[in-house]
Every structure is written in C-alpha cells, then in structure tokens.
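Survey of secondary and tertiary structure
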Amino acid sequence: KGVEVLSSKVTFEGPVFRVVTDEVREPGGQPRRRDVVRHHGSVVIFAVDDSKSKRNPLILLERQYRHAAMQYLYEVPAGSLEPGEEPLAGAKRELLEETGYQAKHWTKLVRYFASPGFLGEWMQILVAEGLTPGDAQPEEDEHIELFAVPLSELLREIDAGRILDAKTIAATLLYDRV
C-alpha cells in the first residue's frame, strides 16, 4: 500500500541539514506527523595501509570531540557531501582535508541509512588503499588527532565496547568479513 504525503514544511534550515515536518498517511491508514532530518548524504573512508602487513593492515582512525555524544570518539574519516557532489569525489576531498592522505585505489563497500526512523541521511563507505601521506587541511572547527591502528587491535577495541561510532564499527566489520 502506498504512502501519501498530506503536507510538508521546512521547520528548520541549517548549514548541514534541514528538518522537514510532514503529515503522512503511511501503511495502516492513520495520518501521522513525521519530523525528518534531511541531509545531502555522507561518505565514510576506511583507509587501509597494507604496506607493512597484508594480514594485519594499519587503519586510519581519528579521535575528535563530538558534542552530540558529549565525548571524544574514535572514528574512521568521514564527512558530508556538498550538494550534487559524487561520493568518490567527496571521499577524496574528506580524506585529504582530515588526514592529508591520498589513495590510489577506491572500492565501494556499502551504502546505508544511519538512523532511518528520523534521519534521511545515507552514508557511503569506501575503502581507500595505496595511501600516500601529506598535510591535512582541516576545516576551522575540526580538531582531529590521527592514529594508524592495526586491524586486529581495532577489532579488539570494537569487541571490548570501546569504539562507539556506528560507521566505524560497520566499516571495520564489513571490511574484515570481505
């Protein structure tokens, strides 16, 4: 059965996302109010340095303060796409800005919705390989510590519950499985 949007209005407009309040008739028939965060989408970069070990490569991780979580988190590099920007172009831009690294080889891993109950943002995970270091070019509000962590250690940190960022957990576990 189809979904009918009865009304829609933008209730908040910010630099990164907007909130849209929709009145919808979903399967089941009753009209419902849905507040949805709309976003251009994001890229997640699983940057792999296997120059020293193919079995246990180094993975680039960032540590930064996340106000929504009210704590510092360890995460793989990621960022919002510009309107109309292709995911690969965005991933290359974000990797360079946040870490200074460039990659020779890029592979799509998975595209998913982070929290589809209220968030319209999708995230595309790409694996970056053949890394070359350089100088990071962080945005004014980005204060990032960069680490290169062996995959085995990252998996242990996930198992121990010390990695709390969903995109990092998903990217690591999918990469390890593949």
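The structure under discussion appears in the preceding block.
Note that the structure is predicted; figures quoted are calculated from it, not measured.

Strand order across the open sheet formed by three strands is β1-β2-β3, with antiparallel pairing between neighbours. Strand pairing shows two members of the sheet lacking a second neighbour, β1 (4–13) and β3 (31–38), which therefore form its edges. Strand after strand, the sheet turns through a mean of 20° between neighbouring axes, direction not considered. Bridging between β1 and strand β2 (residues 18–25) involves eight bridges; their strand directions are antiparallel.

Attention now goes to the packing of helix α2 (residues 151–159) against helix α3 (residues 166–177). Contact geometry of α2 with α3 gives a least axis separation of 11 Å together with a crossing angle of 130°. Relative to α3, the element α2 lies oblique. Of the two elements, α2 crosses α3, and the hand of that crossing is left-handed. Contacts between α2 and α3 involve Leu-151, Leu-154, Leu-155 and Ile-158 from the former and Thr-168, Ile-169, Thr-172, Leu-173, Tyr-175 and Asp-176 from the latter.

A separate point is the environment of Lys-167. Its place among the elements puts Lys-167 in helix α3. On the basis of relative accessible area, Lys-167 is assigned to the buried category, the value being 9%. Counting along the chain gives 59 residues from Lys-167 to Lys-108, while the straight-line C-alpha distance between them is 14 Å. Ignoring any residue separated from it by four or fewer positions in sequence, one finds Lys-167 in contact with Val-44, Arg-66, Glu-75, Val-76, Ala-78, Tyr-112, Met-123 and Ile-125. Within the local environment of Lys-167, its side chain forms a polar contact with the side chain of Glu-75, the two groups lying 2.7 Å apart.

Okay, a nonpolar patch on the surface next. A contiguous nonpolar surface patch, about 260 Å² in accessible area, is contributed by Phe-12, Val-16 and Phe-17. Its location among the elements puts Phe-17 in the loop between β1 and β2. The exposure class assigned to Phe-17 is partly exposed, which follows from its relative accessible area of 33%.

What follows deals with the packing of aromatic side chains. Under the counting rule described, the total for this entry stands at four aromatic pairs. Ring centres 5.7 Å apart and planes at 45° place the aromatic pair Phe-12 and Phe-17 in the tilted group. The positively charged end of Arg-63 is found above the aromatic ring belonging to Tyr-72, 4.1 Å away from the centroid. For Arg-111, the ring lying beneath its charged end belongs to Trp-122, and the centroid distance is 3.5 Å.

What counts, and at which threshold
- Residues numbered from 1 in each chain as written.
- Predicted model: local features only at pLDDT ≥ 70, side-chain atom pairs only at ≥ 80, totals over all residues.
- Heavy atoms only, no water.
- Pairing = 2+ DSSP bridges.
- Helix = DSSP H or I, 4+ residues; strand = E, 2+ residues; numbered from the N terminus.
- Axes fitted to C-alpha atoms, helices over the stretch in contact; angles between N-to-C directions.
- Parallel < 35°, antiparallel > 145°, perpendicular 65-115°, else oblique.
- Left-handed = near helix turned anticlockwise from the far one by under 90°.
- Contact = heavy atoms within 4.5 Å.
- Buried < 20%, exposed > 50% of the residue type's maximum accessible area, 1.4 Å probe, protein only.
- Polar contact = N/O pair within 3.5 Å; in protein donor to acceptor, adjacent residues only side chain to side chain.
- Patch = residues over 30% accessible without salt bridge, like charges linked within 9 Å, V, L, I, M, F, W, Y side chains within 5 Å.
- Areas by Shrake-Rupley, 256 points an atom, 1.4 Å probe, with all protein chains shown as cover.
- Salt bridge = Lys/Arg side-chain N within 4 Å of Asp/Glu carboxyl O.
- Phe/Tyr/Trp six-rings, centres within 6.5 Å; stacked < 30°, edge-to-face > 60°.
- Lys NZ or Arg CZ within 6 Å of the ring centre and 35° of its normal.

On their own, these measurements won't tell you what the molecule is for.
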